[in-house]
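The residues making up each chain are set out below.
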Amino acid sequence: MISTSYAVILAVSGTHLINDLIQFLLPALYPVLKVEYALSYFQLGLLTLAQQITACILQPILGLYGDLRPRPYSLAVSMAAVALGVVLLATAGSFAGLLLASATLGFGSALFHPEASRVCRMASGGRFGFAQSSFQVGGNAGTALGPLAAALIVLPFGQATTAWFGLLAVVAVMILMWIARWFTNHQRMTQSSGVRPTIGPRLSRARLLVAFAVLGALLLSKFVYIETFKSYYAFFLIEKYGMEVAHAQGLLFVFLAAVALGTFFGGPVGDRIGRKKVIWGSIVGALPFAVVLPHTSLWAAIGLSIVVGLVLSSAFSAIVVFAQELLPQKVGMVSGFVFGFAFGVGALGAAGLGALADQLGMEHVFGYFSLILCLGFLTALLPNLD
């Protein structure tokens, strides 16, 4: 067994932070863009859709291509695309320009996630849950920092200031060039040592299809909730409690920080007690708190958002590793499916609920959309792999 490479996991997690920080600049800008370009909630949802649907469609394809033809330097290319996307976002002067920037950011994300997840698994030394959680917590930390970056830099100084974040992407490119060299050496060492490839569980094709369908439903429940919360929580706070934009962005950071913290624990706990148990406790466990959240006072809602973020976020690393264990010979494709499907359904849900909010108001939408977490009960249909 090759030992765990903590330096590689930390480096990939750090670039994940940079990627997701930049990716979140778009939704963090929504309050500004809505006023500047007179956009509806539905149009804001379309921007989310343009960013995430690109990742949804391309990630499984790029992941499978990486399984068949590994390209160590593709991670550096992905971050170069992210740098281009943030420059386009800074210079966009119309809704069409914003759509182009959104799609470019989505392409960079599509190329980054399956390859980065594969590298973390390679560096895990068998601690798959720990490695995946470390990778995810980097991304969630970047997402959590997005509202702070918006409140401190982008909102006061305007849309054009997002171009400065392209410098972070350049730093990430340099880190990923080093990762590419490690990737090449690791592949060479693995082949020379004669390590046998991992064999997955002996499940029928029908059983595998059911398992992936259930995982898809679980991802739908989690990411429609998370993406809707990310895109519209600030508007909910403004509409229900009369909060200022900057303060609402600060409370969104609190929720996303809880998501980042909860993400880390899901993987190591899954290594110890099993992925299926973590999935059960995460999605179903978050349901009662999510249902109550929109109907309470401001301080209670803040506290419940922290609980929901901590509990619900622990599922993702467990779902990723569970899916990889079903088909360990196609880690890139499986990772691409999980990340891509998660981004896609989350974006579709955000767009649909944004259109509904145009008709009913954001407060009413927040009152009902948490019921989607009831899909967590489908966890009972997953096979036992532990």
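Just so we're clear, the structure is a prediction, and the values are computed from it rather than from any experiment.

K.L.:
Would you mind going over the overall build of the protein with me for this structure?
P.N.:
When helices and strands are tallied, the protein shows 14 helices and zero strands. The order of helices and strands in the protein, counted from the N terminus, is α-α-α-α-α-α-α-α-α-α-α-α-α-α. Relative to its length of 386 residues, the protein is compact, with a C-alpha radius of gyration of 20 Å against a globular reference of 21 Å. For the protein, with 386 residues in total, the buried portion stands at 56%. Sequence separation of 24 or more characterises 87% of the internal contacts of the protein that already satisfy a separation of 6 or more. As presented, the protein carries roughly 15,100 Å² of accessible surface, and 70% of it is formed by carbon and sulfur atoms. Looking at the protein, you have 20 positive and 12 negative side-chain charges, and the mean spots of the two groups are 17 Å apart.

K.L.:
How should the environment of Leu360 be read in this particular structure?
P.N.:
Of note, Leu360 is situated in helix 13 (residues 331-360). For Leu360, a relative accessible area of 49% puts it in the partly exposed group. Along the backbone, Leu360 and Gly108 are 252 residues apart, and their C-alpha atoms lie at a distance of 35 Å.

K.L.:
Please explain the environment of Leu148 as it appears in this structure.
P.N.:
When you line up the elements, Leu148 lands in helix 6 (residues 128-157). Assessed through its relative accessible area of 29%, Leu148 is described here as partly exposed. It is 31 Å that separates the C-alpha atoms of Leu148 and Ser5, two residues lying 143 residues apart in sequence. Setting aside residues up to four positions removed in sequence, Leu148 forms contacts with Ile153 and Phe253.

K.L.:
I would appreciate a short explanation of a nonpolar patch on the surface in the present structure.
P.N.:
On the surface, a cluster of nonpolar side chains totalling about 470 Å² of accessible area is made up of Leu261, Phe265, Val269, Ile273, Ile306 and Leu310. Element by element, the count of residues in the nonpolar patch is highest for helix 9 (residues 245-273), at four residues. Structurally, the position occupied by Leu261 is in helix 9.

K.L.:
What should I look at first to understand the nonpolar core in this one?
P.N.:
One recurring pattern in soluble globular proteins is that nonpolar side chains are buried together. Membership of the largest hydrophobic core comes to 108 residues, with the highest contact counts inside it found for Leu215 and Tyr225. Among the elements that make up this core, the one with the highest residue count is helix 8 (residues 205-241) (18 residues).

K.L.:
What should I look at first to understand helix 5 (residues 95-123) in this one?
P.N.:
Side chains that are three or four residues apart share a direction in an α-helix, a result of its 3.6 residues per turn. Over its 29 residues, helix 5 extends 42 Å from the first C-alpha to the last, a length consistent with the 42 Å expected when each residue adds 1.5 Å. The buried count for helix 5 comes to 22 of 29 residues, which makes it a mostly enclosed element.

K.L.:
Explain the packing of aromatic side chains to me, please; I cannot follow it from the model alone.
P.N.:
Remark: the centre distance and the inter-plane angle together describe each pair of aromatic rings, the angle taken between the planes. The full count for this structure, using the stated rule, is 13 aromatic pairs. Judged by centre distance (4.8 Å) and plane angle (20°), the ring pair of Tyr225 and Phe369 falls under stacked. Taken together, the positions of Tyr225 in helix 8 and Phe369 in the segment after helix 14 (362-368) put the pair 144 residues apart, joining distant regions of the chain. Residue classification places Tyr225 among the buried residues on the basis of a relative accessible area of 1%. When the ring centre of Phe223 is taken as reference, the NZ or CZ atom of Lys222 above it lies at 4.2 Å.

K.L.:
Whenever I open this one, the pattern of salt bridges confuses me. Can you help?
P.N.:
One side chain can pair with another of opposite charge once the charged atoms of both are near each other. This structure, assessed with the given rule, holds one salt bridge. Across the salt bridge formed by Arg118 and Glu115, the nearest N and O atoms sit 2.7 Å from each other. Separated by three residues within a single helix, Arg118 and Glu115 lie in helix 5, roughly one turn from each other. Residue class for Arg118 comes out buried when judged on its relative accessible area of 10%. Judged by its relative accessible area of 5%, Glu115 falls in the buried class.

K.L.:
Teacher, can you tell me more about the packing of helix 4 (residues 74-91) against helix 5 here?
P.N.:
For any two helices packed against each other, the geometry comes down to the angle between their axes and how far apart the axes lie. Where helix 4 contacts helix 5, the axes come no closer than 8 Å and their chain directions differ by 160°. When the interaxial angle is binned, helix 4 and helix 5 end up roughly antiparallel. The chirality of how helix 4 crosses helix 5 is left-handed. When its residues are assigned to classes, the contact of helix 4 with helix 5 shows 18 nonpolar, six polar and one charged.

K.L.:
Please explain the packing of helix 5 against helix 6 as it appears in this structure.
P.N.:
Where helix 5 meets helix 6, the closest approach of the two axes is 9 Å, and the angle between their N-to-C directions is 140°. Between helix 5 and helix 6, the interaxial angle falls into the category oblique. Helix-helix and strand crossings are classified by hand; for helix 5 and helix 6 the assignment is right-handed. Within the contact between the two elements, helix 5 uses Phe112, His113, Ala116, Ser117, Cys120 and Arg121 and helix 6 uses Phe128, Ala131, Gln132 and Phe135. Its residues placed into classes, the contact of helix 5 with helix 6 shows six nonpolar, three polar and one charged.

K.L.:
Sorry, what's going on with the side chain of Thr161 here?
P.N.:
If you trace the backbone, Thr161 turns up in the loop between helix 6 and helix 7 (166-193). Dropping the residues within four chain positions of it, Thr161 is found in contact with Ile153 and Val154.

K.L.:
Sorry, what's going on with unusual backbone geometry here?
P.N.:
The phi torsion of most residues other than glycine is negative, and most of the peptide bonds are trans. At Ala38, a residue that is not glycine, the phi angle is positive and equals roughly 55°. You can see Ala38 is positioned in the loop between helix 2 (30-36) and helix 3 (41-68).

K.L.:
How should I be thinking about helix 6 in this particular structure?
P.N.:
Counted at 1.5 Å a residue, the expected span for helix 6 with its 30 residues is 44 Å, and the 42 Å between its end C-alpha atoms agrees. Of all the bends found along helix 6, the most pronounced is centred on Ala150 and spans about 50°. Following helix 6 by one or two positions, Gly158 has its phi on the positive side, about 105°.

Reading the values: rules and limits
- Residues numbered from 1 in each chain as written.
- Predicted model: local features only at pLDDT ≥ 70, side-chain atom pairs only at ≥ 80, totals over all residues.
- Heavy atoms only, no water.
- Helix = DSSP H or I, 4+ residues; strand = E, 2+ residues; numbered from the N terminus.
- Rg over C-alpha atoms; globule rule 2.2 N^0.38 Å.
- Buried < 20%, exposed > 50% of the residue type's maximum accessible area, 1.4 Å probe, protein only.
- Contact = heavy atoms within 4.5 Å.
- Areas by Shrake-Rupley, 256 points an atom, 1.4 Å probe, with all protein chains shown as cover.
- Lys, Arg positive; Asp, Glu negative; His and termini not counted.
- Charge placed at Lys NZ, Arg CZ, Asp CG, Glu CD.
- Patch = residues over 30% accessible without salt bridge, like charges linked within 9 Å, V, L, I, M, F, W, Y side chains within 5 Å.
- Salt bridge = Lys/Arg side-chain N within 4 Å of Asp/Glu carboxyl O.
- Core = buried A, V, L, I, M, F, W, Y, C linked by side-chain atoms within 4.5 Å.
- Expected span 1.5 Å × (residues − 1).
- Phe/Tyr/Trp six-rings, centres within 6.5 Å; stacked < 30°, edge-to-face > 60°.
- Lys NZ or Arg CZ within 6 Å of the ring centre and 35° of its normal.
- Axes fitted to C-alpha atoms, helices over the stretch in contact; angles between N-to-C directions.
- Parallel < 35°, antiparallel > 145°, perpendicular 65-115°, else oblique.
- Left-handed = near helix turned anticlockwise from the far one by under 90°.
- Nonpolar A, V, L, I, M, F, W, Y, C, P; charged D, E, K, R; others polar.
- Bend = angle between axes of the 7 residues up to and from the residue.

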